[in-house]
Every structure is written in C-alpha cells, then in structure tokens.
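Understanding the architecture of this molecule
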Amino acid sequence: APHPTQALSGIGRAGVVFDPPGPLGPALYIAGRDLSVSGSGGSALVRFDGASFSDVAGTPSTPDGFTDLAVTDELSGSPELLALSAGELHRFDGSTWNTTFVGLDATGSRLGVFDDGAGPAVHLGRHVRLRSGQLEAFAAPFDRTPRVLRALGPQSAFGECLLFGGDFTKVGSELSLGLARWNDPCAALRSYCAGKLNSAGCVPHIVWSGSASLAANSFVISAVDVLNQKSGLFYYSIWGRNSLPYQGGTLCVRSPLARTPVTQSGGSTAGNDCSGVLSLDFGPWLDGTPNPQLQLGTTVNGQWWYRDPASPSTTGLSDALEFEIRP
C-alpha cells in the first residue's frame, strides 16, 4: 500500500472512517488540535484517503480543536460525521457543516450515538445527551469523567450498550476498574431479529406478559402465529444476540444455548393453519433454580423453535426476545 509523502503534525485525539454521500469516497478522518499537513496551516480535522492527507474544506475554527469523532446515520437517515469541541457539536454530511448546539458543558468530552429504545441520541460525556435537537440530562454515576465513550452494537461481547472507560474507581457505590457499560433501564425488554416464514404462510413472533423480575408473579413468553398442534421449545442464552442462517431461517441467539422443556402449540384440531401458540412461564427460571447461570442483572436472549414438517428443514423459528433479570 502507498505511504503518505506528507508529514502530519499537531495533536491527534480521535479517528474514524467516514464514507459520506457524494464524490469524496471513504477516508480516515483525524481530529485534534493544530493539525498541519507538511507544515502548512493548522486545523481541527484532516482526512487520509489511503495515499495522502488533506484538509477538510469548511472545518469550523475552534479554540482547542476537536476532542472526539463519531459516524452515524441515525440522526438524519444518511451518514454524518459528528465532531465535538469544548462548546459545540458539529455535523458534516460530506459537503456542508452544521453546528447543532452552542454552549455545551465542557464535561461532554466524548461522543457516542446510542438508541435506548426511545430513539437515537448523541451522548456527550457522562452528563447530557442530545435527542431530536433537545438536550436531556443523563446521569452516569462515575466519580471521575470517563476518557472513552463508545456505543457498541448487539454483536459485541458486551451486548448493545454504551461502554465507558477511564480512570474512575466507582460506579455509584460499586468499585470499578475503569470500565463500565450502560443500557437503558427502561428498555429491559425488546424483541429483535426476524422469524421464519412457515409452511402455512405465517411468520411467528414473540409476545410477553408480566415482568422479568424476581418479585413478579410470572413472566410468560409466547410465540403466536405458530402452526397448530406442533411441539416446540424455547431456547435461550446469556451470551448475547446472533444473526446466523439456521434451518432456513435465522438463529438469533448466541451459543451455547439452553433449552426449556417441550410444549405443545394447541390451536385447531384439524388441518394446517397458524392458530397455534407456544407459551411458557419463564418466571421459575429467573432465580437460577433450573439454571444457575441466570442471576440478578443477567441479560438473557431467547427464541422459539418448533416443528414444521412441510418445511424443507421440518422446523420453524420465531423472532427473538432480549431481557434483563430485575429485582
């Protein structure tokens, strides 16, 4: 691969790959302070296209440069580069810049874009987040300001969350070694992935009632639009989400898997239709009695599997459910 012939000087603080709409193409964008290509100029942002460095036209002038970068398509529907300075959040779509907020608290030194179930928000450090153009309070209870804030997707080892890193030693009243994750306590239950079209032309999906709480009386997880009079079971895992081709559908749960006892779908006693419902009260599993791996605070992912003799694989699959075991 070619090496750049120019010298890049200055203070670099963050870098992301950004492929904006239009003719620019993908490049590595580097943010910092007084970034200079071959000794000329000084900017808060430069780009490297694989062969050479160049300034980014129209980059806003800021007293201390940019402190962090992020790329997202969740705010406008098309890819944008977000750049954070001490008092401003800037958005770049590949051709124009837009400053979305002025006067930001200086504690917002890191960026992360995360959808907590109420829509995507730009998290700015540990105190505030920007959603739909409005600032909201966000309290991450660290004893020191985090140095790193990153949004992780569902396939990460930590699950879908915000990951904080730094030299903090406490998260609330608990001791920490400088690494913590956060996911929305109000979004403890959510369905995801896609069920498999069955031989009767239906796509089973998960519904639930009750709460994934140790104090609740029940937590019933069901799959509706299932074939009638078929056997099935609910398999689950504590290892996160998955999205792999499986038996003509999608395996939505990461191995190793645990399985509940087989149950029957019921429904019409004759013919082949989608009147079946697979149902299980998962409440007895929440306290770890059948499976000691299930403990308070554990995130569980699960999916229904059932018999579909007319399918090439002879099996059917629902979508999946993710939930956290609460007090």
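Below you will find a few notes about this structure. Small disclaimer: the values here were computed from a predicted structure and weren't measured. (Residues numbered from 1 in each chain as written. Predicted model: local features only at pLDDT ≥ 70, side-chain atom pairs only at ≥ 80, totals over all residues. Heavy atoms only, no water.)

**A closer look at the overall build of the chain**
Defined as follows: Helix and strand assignments follow DSSP, with helices taken as H or I runs no shorter than four residues and strands as E runs no shorter than two, numbered in order from the N terminus. With a 1.4 Å probe rolled over the protein chains alone, any residue whose accessible area is under 20% of its type maximum counts as buried; one over 50% counts as exposed, and the rest are partly exposed. Only heavy atoms enter the contact rule, under which two residues are in contact if any of them lie within 4.5 Å. Per-residue accessibility takes into account occlusion by the displayed protein chains alone, with areas from the Shrake-Rupley method and a 1.4 Å probe.
Counting its regular elements, the chain contains zero helices and 28 strands. Looking at the chain as a whole, 44% of its 327 residues qualify as buried. Of all intrachain contacts in the chain linking residues separated by at least 6 positions in sequence, the fraction that spans at least 24 positions is 52%. Counting only carbon and sulfur atoms, one obtains 54% of the accessible surface of the chain, whose full area is about 15200 Å².

**Let's talk about the nonpolar core**
Our working definition: Buried Ala, Val, Leu, Ile, Met, Phe, Trp, Tyr and Cys residues form a nonpolar core when they are joined through side-chain atoms within 4.5 Å.
With 21 residues, the main nonpolar core has F219, I221, F234, F282, W304 and F323 as its most contacted residues. Only strand 20 (219-226), strand 21 (231-237), strand 26 (276-281), strand 27 (299-307) and strand 28 (315-324) provide two or more residues apiece to this core. Considering each element in turn, this core owes the most residues, four residues, to strand 20. Excluding residues within four positions of it along the chain, I221 makes contact with I206, V207, W208, F234, L278, S279, L280, F282, W304, L321 and F323. Counting residues in hydrophobic clusters, the runner-up holds 15 residues, among them A27, A31, F66 and F92.

**Remarks on the pattern of salt bridges**
So the rule is basically this: We define a salt bridge as a side-chain nitrogen of Lys or Arg found within 4 Å of a carboxyl oxygen belonging to Asp or Glu.
For the structure on display, the rule yields five salt bridges. Linking R33 and D64 is a salt bridge whose minimum nitrogen-to-oxygen distance equals 3.0 Å. Remark: D64 occurs in the loop between strand 4 (53-55) and strand 5 (68-72) and R33 occurs in strand 2 (residues 27-37); sequence separation between them is 31 residues. For R33, a relative accessible area of 29% gives the class partly exposed. Classification of D64 as partly exposed rests on a relative accessible area of 31%. When the shortest N-O distance is used, the salt bridge between R91 and E80 registers 3.0 Å. Residue R91 is located in strand 7 (residues 88-92), and its partner E80 is located in strand 6 (residues 80-84); the two are separated by 11 residues in the primary sequence.

**Brief notes about the environment of A320**
When you line up the elements, A320 lands in strand 28. The exposure class of A320 is buried, given its relative accessible area of 0%. Distance in space between the C-alpha atoms of A320 and V253 is 7.5 Å, their sequence separation being 67 residues. With residues up to four places along the chain from it excluded, the contact list for A320 reads R190, S191, Y192, C193, I206, C252, G302 and Q303.

**A look at the side chain of K196**
Rules: In this count, Lys and Arg are taken as positive residues and Asp and Glu as negative ones, while His and the chain termini are left out. Any pair of nitrogen or oxygen atoms within 3.5 Å is treated as a polar contact; in protein, a donor-acceptor pairing is required on top of that, and neighbouring residues in sequence qualify only through side-chain atoms on both sides.
Residue position: K196 is located in the loop between strand 18 (189-192) and strand 19 (205-210). Although buried, K196 forms no salt bridge, and the nearest oppositely charged side chain, D308, lies 5.8 Å from it. Within the local environment of K196, its side chain forms a polar contact with the backbone oxygen of Q247, the two atoms lying 2.6 Å apart. A polar side-chain atom of K196 sits 3.1 Å from a polar atom in the side chain of S311.

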